[in-house]
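Structural overview
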Amino acid sequence: MKNFIQKIAKFFEPSKNLVLISLAFWITHILLRIMLLFRSNPYGFPFVSKPDWFIFHAVCIDFMWICNALVVFMVLGGIADKIASSKSTNSRNTDTRCAGTECANTGSARVSKVAKVTTIAYTVFHSVILLFTLLDNEVQRFLGGHLSFGLMDTYKDTSSIAMFYDYVANDLSVPYLQFVVLVSMLPLTYGLYKLLVKHYRTPEGFRLKKSAIAMVIFYIASYLFVYFIWTGHARMTKLRPVVSLVYNDLFVSKKVAGLTEKDLVAYRTTYQNLWQRVEGDSLWKFSDAKEGHGLPLYRIPTEALLKSEKLATQREMKPNFILVLMESHRGLNTGFMNPQIQPSPTPFLDSIAANSHVWMRMHTSGVPTTGGVLSTHLGIPHHSRLAQATDLAHISLPSFVSVLTENGYSTHYMSAADPAWDNLGVWMAKWYTAEHYSREREDDSTFMDHAAQYVRDTLSKQGKPFLATLMTRSNHYPFNFAAGMTDDEKARPLQERINVTMNYADRQLAHFIRAIQNEEWYKNTYVIIMADHGFPLGENGVSTMNGGGFSNISWIPFIIHGKGLEPVHDTTTAAQIDIAPTVLELAGFAVPNIFMGHNLLRDHSAGLSLGAYSGYSALGLDNYRVVSKTNSNDEVYLFADSDMRQECDLAKTEFERTAKMHAMLDTLIKISDYSLEHGL
């Protein structure tokens, strides 16, 4: 064993300096992470509200990828050294003129040259990665998304350089700090390397074995910490290193080359014909105007719609809007949607539903929270492949909120969960007047108290109509966040525990509504209550968020309460993509848009639901719902739209209908992905 270790050490001996280079660059990466996570973005808001939740993961992630690169270069260096030694031996054997000492020196020179070349190549590699890491950090701070080939292609013109300089000069964190870091980080890394050389060399030689053992131990600890002890997909997405981004762009991501012109024409016709059929009238028309950037979704209102008395009346009302997004509220655990569950976990929501317009077949259009929230705002399903909140943060996409903001509304996004966690804050900043979050108000009780007070004492007194969007938190997996839960309640199975946390969230919702319902302005306010998504708890054999698009994850409550809306339990097929056009109808605005959904308050009763769910997608149409793996024929299910528990799969008996709906689903998902990637 000892001889084996000695052979390994001898194999890696020419590359021993790479260890110190790795440690020096790792320390520099830690400093860059600190400057990213603990600073404000250029607009004066924290880049992340909880940097302590990110920094240790960042340190571990950087250590792991640097170690991976170290091993690759050490192996390559060892192989090159072996080849050089072999050539040196052959040369000595064939060169009869070479004296023993002279030949040995020649061989050593060749080995030294290999080590030098390997060291230079490794240093250049890390230097390039370090420069791109700084650029990636700044792209995240300015645009909210990571650096990518697509982003570089978007901003490849010279005007982007001038724009970047303007951003740096007006950075509300520390102006011009980026340039200081740019010119100093490589000299700093070299200085760190020299310090490490000084302290890691002894009269007996380099402490390779001790360092290697320590690095292996820390690598294993980092891996366990990041992937098992304290995980988090949103955090991992935000902390992806540049090498991972490049690797994914080149090898991992299943990039769609884009729709050919022929495909785009065919899909455009199919989509627009379907949309008009479901819409049921001709008050909108699709347009090829340059403002639409060639998107098949772009439509404009007709003159008849613009002159509509109904819209004029709504505009004159200047109604307020309160949109409450309830975390993980499943239709299966909502009392008025599933009377079989007794006692109802949502008695207050049930009481509002009895006096409101309720859609009993409402589905989310994306998961997790980013999917539900973004599709609600954009009127387009979540992207089927990309982490939309991060990967497409640089794309310009209007929402119903941006329309309200542009038309004089005061729009505020209030969240009990950190919007910077999954990059939602970047998107909300595009559309809303202001965002509200504090780690001191993460429980729904303190959050709802603050929201009620702010809406009542500030928003309602600004002399303009307002939109307040509230995103709750307490009913989040693993359903033990509700304040005051007993040990007995926390020990219950998930299927029971969710009823406890939904009931808690329901009580806080009741507290919020009761705090504002007697205000005079409340009479001119539409209250919209819905969920961001559901949650699979074993139904259909699924218990993870990426396990399918079944109703356990997609079926959600949706209620609109307000002036002129009669109590109705509506069975029209609906989805979150319908919310944007519906809200604008209530506000009295008809503007060009790219919403894929429909105004749910129109006279026509036909509906459509569409969503993408972490590798799966689903379409509800003509009283049926098809669920399948996206871009695949491996798993395709068909259910009657009324079968909300989805207990009877009709795919084998309704083969022709299944195939037709599956093809339509594929078309719509490709159209929506294309539109999200291109934007307006």
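In this report, the structure presented in the accompanying data block is examined. In this text, all values refer to a predicted model and were calculated from it rather than measured experimentally.

**Quick notes on the overall build of the protein**
A tally of helices and strands in the protein yields 24 helices and 18 strands. Burial status across the protein gives 54% buried among its 680 residues. Taking the intrachain contacts of the protein between residues at least 6 apart in sequence as the baseline, contacts between residues at least 24 apart amount to 73%. Total accessible area on the protein is roughly 30600 Å²; 58% of this is exposed by carbon and sulfur atoms.

**As for the pairing of strand β11 (residues 525-531)**
Counted residue by residue, β11 has seven buried out of seven residues, so it is predominantly covered. Alignment of strand β5 (residues 320-326) against β11, held across seven bridges, turns out to be parallel. What sits directly across from Leu323, in β11, is Ile528. Note: β11 against strand β12 (residues 558-561), four bridges, orientation antiparallel. Bridge assignment links Val527 to a residue of β12, and that residue is His561.

**Considerations on the nonpolar core**
Within the largest apolar cluster, 85 residues are counted, with the highest numbers of intra-cluster contacts made by Phe321, Phe400, Leu404, Trp427 and Leu619. At eight residues, the largest contribution of residues to this core is made by helix α24 (residues 655-678). Here Trp427 is in contact with Leu374, Leu378, Gln388, Ala389, Leu392, Ala393 and Leu397, once residues within four sequence places are set aside. Listed in part, the 47 residues of the second largest apolar core include Phe54, Phe63, Leu192 and Val197.

**Section: helix α11 (residues 261-279)**
Each turn of an α-helix holds 3.6 residues, which means side chains three or four residues apart point in the same direction. Relative to the 27 Å expected for 19 residues at 1.5 Å per residue, α11 spans 26 Å between its end C-alpha atoms, a close match to the ideal helical length. In this structure, the buried side of α11 is in contact with β3 (284-286), β4 (299-301), β15 (608-613), β16 (616-621) and α24. Gly280 lies just past α11 and shows a positive phi near 85°.

**Let's talk about unusual backbone geometry**
Backbone torsion omega between Gln342 and Pro343 reads -5°, so that peptide bond is classified as cis. Cis geometry is adopted by the peptide bond preceding Pro478, which originates at Tyr477 and carries an omega value of 10°. With respect to the helices, strands and loops of the structure, Pro478 is situated in the loop between β10 (466-471) and α20 (487-490). One non-glycine residue with positive phi stands out, namely Asp622, at about 55°. Among the structural elements, Asp622 can be located in the loop between β16 and β17 (624-629). Exposure remark for Asp622: the relative accessible area of 40% places this residue in the partly exposed category.

**Some words on the sheet that holds strand β9 (residues 434-436)**
The strand order β9-β8-β10-β5-β11-β12-β6-β13 describes an open sheet built from eight strands, whose pairing is mixed. The strands lining the two open edges of the sheet, one partner per strand, are β9 and β13 (568-570). Going across the sheet, the axis of each strand differs from the next one's by a mean of 15°, ignoring polarity.

**A closer look at the side chain of Asp570**
Residue placement: Asp570 occurs in strand β13. Lacking a salt bridge, the buried Asp570 has Arg361 as its closest oppositely charged neighbour, with an N-O distance of 8.3 Å. Within the local environment of Asp570, its side chain forms a polar contact with the side chain of Thr572, the two groups lying 2.6 Å apart. In contact with Asp570, not counting residues within four places along its chain, are His357, Val358, Trp359, Met360 and Arg361.

**As for helix α19 (residues 444-457)**
Relative to the 20 Å expected for 14 residues at 1.5 Å per residue, α19 spans 19 Å between its end C-alpha atoms, a close match to the ideal helical length. Check the buried side of α19 and you find it contacts β5, β8 (410-415), β9, β10 and α21 (494-516). Capping the start of α19, Asp443 holds a side-chain oxygen 2.8 Å from the backbone nitrogen of Ser445, two or three residues further along.

**Details of the pattern of salt bridges**
Scanning all chains against the criterion turns up 21 salt bridges. Between Arg240 and Asp391 there is a salt bridge; the shortest N-O distance is 2.9 Å. Of this pair, Arg240 sits in the loop between α9 (233-238) and α10 (242-252) while Asp391 sits in helix α16 (residues 388-391); the two residues are 151 residues apart in sequence, bridging distant segments of the chain. Residue Asp391 is classed as partly exposed on the basis of its relative accessible area of 23%.

**Comments concerning the environment of Phe179**
Here Phe179 lies in helix α7 (residues 177-200). By relative accessible area, which is 29% here, Phe179 ends up partly exposed. Along the sequence, Phe179 and Val168 sit 11 residues apart, while their C-alpha atoms lie 8.5 Å from each other. Not counting residues up to four positions away in its chain, the partners in contact with Phe179 are Phe164, Tyr165 and Val168.

**A closer look at the environment of Leu274**
Note on placement: Leu274 falls in helix α11. We classify Leu274 as buried; its relative accessible area is 5%. Taking the C-alpha atoms as reference points, Leu274 and Leu668, 394 residues apart in sequence, are found 9.8 Å from one another. If near-sequence neighbours (up to four positions away) are discounted, Leu274 is found in contact with Leu608, Leu621, Met664 and Leu668.

**Some points on the layout of surface pockets**
In this structure, the second largest pocket encloses a volume near 720 Å³. In this structure, the second largest pocket is lined by 36 residues; those nearest its centre are Asn41, Gly425, Val426, Ala429 and Glu435. Those elements that place two or more of their residues in the lining of the second largest pocket are α4 (100-143), α18 (424-431) and β9. A total of five residues in the lining of the second largest pocket trace back to one element, the largest contributor, which is α18.

**What to know about a nonpolar patch on the surface**
On the surface, Val216, Ile220, Tyr223, Leu224, Tyr227, Phe228, Ile229 and Trp230 cluster together to form a nonpolar patch covering roughly 820 Å² of accessible area. Mapped onto the secondary structure, Phe228 falls in helix α8 (residues 208-229). In this structure Phe228 comes out as exposed when scored by relative accessible area, which is 58%.

**Quick word on the packing of aromatic side chains**
Taken as a whole and judged by the stated rule, the model has 28 aromatic pairs. With a centroid separation of 4.9 Å and 65° between ring planes, the pair formed by Trp26 and Phe63 is classed as edge-to-face. You can see Trp26 sitting in helix α2 (residues 17-37) and its partner Phe63 sitting in helix α3 (residues 55-94), a full 37 residues away along the chain. By the burial criterion, Trp26 is buried, and Phe63 matches it. Relative to Phe479, the ring of Tyr477 lies with its centre 6.0 Å away and its plane at 85°, an arrangement referred to as edge-to-face. Following the ring pairs from residue to residue traces out a cluster consisting of Trp53, Phe54, Phe225, Trp230 and Trp421. The aromatic ring of Trp230 is capped on one face by Arg235, whose charged end is 4.6 Å from the ring centroid. Between Arg473 and the ring centre of Phe481, over which it is positioned, the NZ or CZ distance is 4.5 Å.

What counts and what doesn't
- Residues numbered from 1 in each chain as written.
- Predicted model: local features only at pLDDT ≥ 70, side-chain atom pairs only at ≥ 80, totals over all residues.
- Heavy atoms only, no water.
- Helix = DSSP H or I, 4+ residues; strand = E, 2+ residues; numbered from the N terminus.
- Buried < 20%, exposed > 50% of the residue type's maximum accessible area, 1.4 Å probe, protein only.
- Contact = heavy atoms within 4.5 Å.
- Areas by Shrake-Rupley, 256 points an atom, 1.4 Å probe, with all protein chains shown as cover.
- Pairing = 2+ DSSP bridges.
- Core = buried A, V, L, I, M, F, W, Y, C linked by side-chain atoms within 4.5 Å.
- Expected span 1.5 Å × (residues − 1).
- Axes fitted to C-alpha atoms, helices over the stretch in contact; angles between N-to-C directions.
- Lys, Arg positive; Asp, Glu negative; His and termini not counted.
- Salt bridge = Lys/Arg side-chain N within 4 Å of Asp/Glu carboxyl O.
- Polar contact = N/O pair within 3.5 Å; in protein donor to acceptor, adjacent residues only side chain to side chain.
- 1 Å grid on protein atoms, 1.4 Å probe; cavity = no way out; pocket = protein on both sides within 12 Å on 5 of 7 lines; lining within 4 Å.
- Points joined across faces, edges and corners; volume = space filled by probe spheres on them.
- Patch = residues over 30% accessible without salt bridge, like charges linked within 9 Å, V, L, I, M, F, W, Y side chains within 5 Å.
- Phe/Tyr/Trp six-rings, centres within 6.5 Å; stacked < 30°, edge-to-face > 60°.
- Lys NZ or Arg CZ within 6 Å of the ring centre and 35° of its normal.

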